[in-house]
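Results of the structural survey
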Amino acid sequence: MSGVVDGRVVIVTGAGRGIGRAHALAFAAEGAKVVVNDIGAGIDGSATGESPAEQVVAEIVAAGGEAVVNGDDVADWAGAENLINTAIDTFGRLDVLVNNAGFLRDRMLVGMSEQEWDAVVRVHLKGHFATLRHAAAYWRTEAKAGNPVDARIVNTSSGAGLQGSIGQGNYAAAKAGIAEMTIQAAAELKNYGVTVNAIAPAARTRMTVGAGGAMAEAMAAPEEGFDAMAPENISPLVVWLGSTESKDVTGRVFEVEGGKITVAEGWRHGPTQDKGARWEPKEIGPVVADLLAKAETPVPVYGA
Ligand SMILES: NC(=O)c1ccc[n+]([C@@H]2O[C@H](COP(=O)([O-])OP(=O)(O)OC[C@H]3O[C@@H](n4cnc5c(N)ncnc54)[C@H](O)[C@@H]3O)[C@@H](O)[C@H]2O)c1
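Residues numbered from 1 in each chain as written. Predicted model: local features only at pLDDT ≥ 70, side-chain atom pairs only at ≥ 80, totals over all residues. Heavy atoms only, no water.

Under an unreviewed UniProt entry, the name given to the chain is Short chain dehydrogenase, and the organism recorded is Rhodococcus wratislaviensis. For the chain, the Sequence similarities (unreviewed entry) comment in UniProt is given as "Belongs to the short-chain dehydrogenases/reductases (SDR) family." (UniProt positions renumbered as here; feature names shortened; annotations may be inferred.)

In structure tokens form, the structure reads like this:
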């Protein structure tokens, strides 16, 4: 039986655990050859010495699929390049890059350290850009050489990046940057045959239940029936976005949770008043009041 991504070569970053692991297994089940990247980081990015990616590769191979491990840090420039080359050297090409790796260092902005800011912005925002940059250069070279390119990038944003999340200012800013970079890259890479979309997932992983509390309770698996918070629920959309069928979809962000897929509608021009001349500061109050009365009410920040 043929799968929706038969023979396509796919990189999934941070695929040793959680949502990335589910993506890697789902791509392999639909016929893709998978590079399973994971640095084996702790929940806060610290080194653990574990290599969960090897277990994922073993599972894929045991099920009759093809997969290879890569242990590079996605936010390291040379590491990201090596990751892209791992796909090309092992399987002869690259068709799909799924950027998923990352970790958290939660703190209110007022108490956040420089290191907490830098580490989280680095792993998510630079960790998406570095891999995207090296993959895009490969696809541009292929396109210029006249080789057919039907490639995909699927990025991972977050509800925190789209709506904000109390105590996660570093993460929210990085994830908002990823949503914008998705639109940016979609526009810049269109002519090379590359689409770029993003997801904002919600699922039960160590990232969401690790701290325990109300979030962990809300995400607990039910005793029977549909397990809406299983990470496996996120992957079908990502696999489809990685397929050739999705070629007309680009520059979009999809929220996905359980059986629900929502297309996010981001920044757009709202109500406008144009005086046709420079405003005086004392004129602005009623203008802003009128604009805000006509505008959509913002979605509340998580936890506010
Ligand atoms: N779980 C959710 O509900 C949720 C919600 C919104 C967004 N996300 C995003 O989904 C993605 C996956 O999260 P998860 O919940 O599965 O978390 P997870 O902690 O289970 O998995 C993340 C994986 O990334 C790996 N990793 C960390 N830094 C890395 C690096 N520099 N290079 C390579 N690998 C690295 C870790 O070792 C880990 O295996 C993340 O980008 C996260 O921000 C998750």
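Read on, since the account is not over.
**Here we look at the nonpolar core**
Core analysis: the largest hydrophobic core is formed by 28 residues, its most contacted members being Phe 27, Val 34, Val 36, Ile 60, Val 98 and Ile 199. Elements supplying a minimum of two residues to this core: β1 (9-12), α1 (18-29), β2 (33-37), α2 (52-62), β4 (96-98), α9 (235-242) and β7 (253-257). Here Val 98 is in contact with Val 10, Ile 11, Val 12, Thr 13, His 23, Phe 27, Val 154 and Val 238, once residues within four sequence places are set aside. Membership of the second largest hydrophobic core comes to 24 residues, among which are Val 9, Ile 11, Leu 97 and Ala 185. (Core = buried A, V, L, I, M, F, W, Y, C linked by side-chain atoms within 4.5 Å. Buried < 20%, exposed > 50% of the residue type's maximum accessible area, 1.4 Å probe, protein only. Helix = DSSP H or I, 4+ residues; strand = E, 2+ residues; numbered from the N terminus. Contact = heavy atoms within 4.5 Å.)

**Topic: the site of the ligand**
Around the ligand sit 30 residues in total, of which Asp 38, Asn 100, Tyr 171, Thr 205 and Arg 206 are the nearest. Coverage of the ligand by the protein amounts to 97% of the 830 Å² it exposes when considered alone. Put simply, the parts of the chain that give the shell around the ligand at least two residues each are α1, α4 (114-144), α6 (169-189) and α7 (206-209). Looking at which element gives the most residues to the shell around the ligand, the answer is α7, with three residues. Among the residues forming the shell around the ligand, the class breakdown is 12 nonpolar, 12 polar and six charged. (Near = heavy atom within 4 Å. Areas by Shrake-Rupley, 256 points an atom, 1.4 Å probe, with all protein chains shown as cover. Nonpolar A, V, L, I, M, F, W, Y, C, P; charged D, E, K, R; others polar.)

**A closer look at a nonpolar patch on the surface**
A grouping of Met 108, Val 110, Ile 166 and Val 301 is seen on the molecular surface, where their side chains present a nonpolar patch of about 390 Å² in accessible area. Among the secondary structure elements, Ile 166 is positioned in the loop between α5 (159-163) and α6. (Patch = residues over 30% accessible without salt bridge, like charges linked within 9 Å, V, L, I, M, F, W, Y side chains within 5 Å. Salt bridge = Lys/Arg side-chain N within 4 Å of Asp/Glu carboxyl O.)

**Details of the environment of Gly 49**
Tracing the sequence through the fold places Gly 49 in the loop between β2 and α2. The exposure class of Gly 49 is exposed, given its relative accessible area of 79%. Distance from Gly 49 to Val 196, taken between C-alpha atoms, is 33 Å for residues 147 residues apart in sequence.

**Some words on the packing of aromatic side chains**
Each aromatic ring pair is described using two quantities: the centre-to-centre distance and the angle formed by the ring planes. Applying the stated criterion across every chain, the model contains two aromatic pairs. Summarising the aromatic geometry, the rings of Trp 77 and Phe 129 are spaced 5.6 Å apart at their centres and angled 40° between planes, so their arrangement reads as tilted. A residue pair is termed long-range when its members are at least 10 positions apart, and Trp 77 in helix α3 (residues 77-91) and Phe 129 in helix α4 qualify at 52 residues. For Phe 129, a relative accessible area of 35% corresponds to the partly exposed category. Judged by centre distance (6.4 Å) and plane angle (50°), the rings of Tyr 138 and Trp 139 are tilted. (Phe/Tyr/Trp six-rings, centres within 6.5 Å; stacked < 30°, edge-to-face > 60°.)

**Some details on the pairing of β2**
Of all five residues that make up β2, four are buried, and the element is covered over most of its length. As for the winding sense of the linkage, the β-α-β connection from β1 through α1 to β2 is right-handed. In this sheet, strand β3 (residues 66-70) lies alongside β2 in parallel orientation, the contact comprising five bridges. Within β3, the residue paired with Lys 33 across the bridge is Glu 66. Following the backbone out of β2, through α2 and into the adjacent parallel β3, one traces a crossover that is right-handed. (Right-handed = clockwise from strand over helix to strand, strands pointing away. Pairing = 2+ DSSP bridges.)

**Description of the pattern of salt bridges**
Counting across every chain of the model gives nine salt bridges. Ionic pairing is found between Arg 122 and Asp 73, a salt bridge with its closest N-O pair at 2.9 Å. Taken together, the residues Arg 122 in helix α4 and Asp 73 in the loop between β3 and α3 connect sequence positions 49 residues apart.

**Looking at the side chain of Ser 165**
Tracing the chain through its elements places Ser 165 in the loop between α5 and α6. Accessibility expressed as a relative area gives 16% for Ser 165, which makes it buried.

**Some words on the side chain of Asn 170**
For Asn 170, the position within the fold is in helix α6. What makes Asn 170 buried here is its relative accessible area of 0%. Non-local contacts of Asn 170, meaning those with residues more than four positions away in its chain, are made with Arg 105, Met 112, Glu 116, Trp 117, Val 120 and Val 121.

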